[in-house]
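Secondary and tertiary structure notes
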Amino acid sequence: MKLESSLPEKPGWIFVTPGFDFVMLLLALVMLTGVVARESLVEVKLPPSEFRGLRIGEENLVVVTVKQGRRRPVYYVGKERIEQGLLEVVIAGAAKDKKADKVVVYCDQKMDLRVEQEIYDLVTGLGLRYFRAVRQVEEGGL
């Protein structure tokens, strides 16, 4: 018994079709793996900016808190309430005791700019570095 082909004598390009499918499958795999390989993590290191906050670590520093009182601002160095006239002496003493060169000033969000400028002049006049932090008080809260 002899096998006979049901195809015509010269089938043409019909034998190339499985090879074409194989090439397309390889091409699709190469394209998909290329996309996956490009989606990698990139580390971005931004340059220092005066508009981005600075993280203050476990350093020696003097903390000054200024709260808006009813008639005038109330000053605290650490947790101790200080009169405005003694502020310069107390900050200088605290910086000397802690061997600190930085002063962090926490101000209320709605603090008068004149008060902040006075503290800035006082701190920089002592040769210390001034850092400002804003305390945000929610409306209706304490």
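What counts and what doesn't
Within each chain, residues carry numbers counting from 1 in the order of the written sequence. For a predicted model such as this one, the threshold for reporting local features is a pLDDT of at least 70, and the threshold for listing and counting side-chain atom pairs is 80 or more; totals across whole chains, interfaces and linings nevertheless cover every residue. Side-chain calculation: all heavy atoms of the structure are included, whereas hydrogens and water are not. Only DSSP runs of H or I reaching four residues or more are called helices, and only runs of E reaching two or more are called strands; each is numbered from the N terminus. For the accessible areas, the method is Shrake-Rupley and the probe is 1.4 Å, while residue cover comes only from the protein chains on display. An expected span of 1.5 Å times one less than the residue number is assigned to each helix. Partly exposed residues are those whose accessible area sits between 20% and 50% of the maximum for their type, while under 20% is buried and over 50% is exposed, using a 1.4 Å probe and protein chains only. Here the arc refers to the set of directions running from the helix axis out to each C-beta atom. Between two residues, a contact is recorded if the distance between any of their heavy atoms is within 4.5 Å. When DSSP finds at least two bridges between two strands, those strands are taken to pair. Throughout this description, the term salt bridge denotes a Lys or Arg side-chain nitrogen within 4 Å of a carboxyl oxygen of Asp or Glu.

**Brief notes about the overall build of the protein**
In terms of helices and strands, the protein carries 3 helices and 5 strands. In sequence order, the protein lays out its α and β elements as α-β-β-β-α-β-α-β. For the protein, the exposed area adds up to about 12400 Å²; of that, 57% sits on carbon and sulfur atoms.

**Description of helix 3 (residues 113-125)**
Helix length check: helix 3, at 13 residues, gives a terminal C-alpha distance of 18 Å against a target of 18 Å (1.5 Å per residue), a fit within 8%. Buried within helix 3 we find Val-115, Glu-116, Ile-119, Leu-122 and Val-123. Here the buried residues of helix 3 occupy an arc of 125 degrees about the axis, which is enough to place them on one side. Residues of helix 3 that are exposed and angled more than 90 degrees away from the buried face: Leu-113 and Gly-125. Within two residues after helix 3, Gly-127 carries a phi angle of roughly 80 degrees, on the positive side.

**Considerations on helix 2 (residues 87-98)**
The α-helix advances 3.6 residues per turn, and as a result positions three or four apart in sequence lie on the same side. The end-to-end C-alpha distance of helix 2, which contains 12 residues, comes to 16 Å, matching closely the 16 Å that a straight helix rising 1.5 Å per residue would cover. Looking only at helix 2, the buried set comprises Leu-87, Ile-91, Ala-94 and Ala-95. Summarising the axial view, the buried residues of helix 2 lie within an arc of 100 degrees, below the 170-degree limit, and thus occupy one face. Across from the buried face of helix 2, at angles greater than 90 degrees, the exposed residues are Val-89, Lys-96 and Asp-97. Where helix 2 is buried, its residues meet strand 1 (62-68), strand 2 (73-77), strand 3 (80-82), strand 4 (102-108) and helix 3. In the segment just after helix 2, Lys-99 is the residue with positive phi, at about 55 degrees.

**As for the pairing of strand 4**
A large share of strand 4 lies buried, amounting to 6 of its 7 residues. In terms of strand pairing, strand 1 meets strand 4 through 5 bridges, oriented parallel. Bridged to Val-66 within strand 4 is Cys-107.

**Notes on the pattern of salt bridges**
With the rule as written, the count across this model stands at 3 salt bridges. Between Arg-114 and Glu-118 there is a salt bridge, with the nearest N and O atoms lying 3.2 Å from each other. Within this pair, Arg-114 and its partner Glu-118 are both found in helix 3, separated by 4 residues, close to a single helical turn. Ionic contacts of the salt-bridge type, sharing partners, join the residues Asp-112, Arg-114 and Glu-118 into one network.

**A look at the environment of Tyr-75**
Position of Tyr-75 relative to the elements: it lies in strand 2. The spatial distance from the C-alpha of Tyr-75 to the C-alpha of Leu-86 is 10.0 Å, given a sequence separation of 11 residues.

**Thoughts on unusual backbone geometry**
One non-glycine residue, Lys-99, lies in the positive phi region at around 55 degrees. By secondary structure assignment, the location of Lys-99 is in the loop between helix 2 and strand 4. According to the relative accessible area criterion, Lys-99 is exposed, its value standing at 75%.

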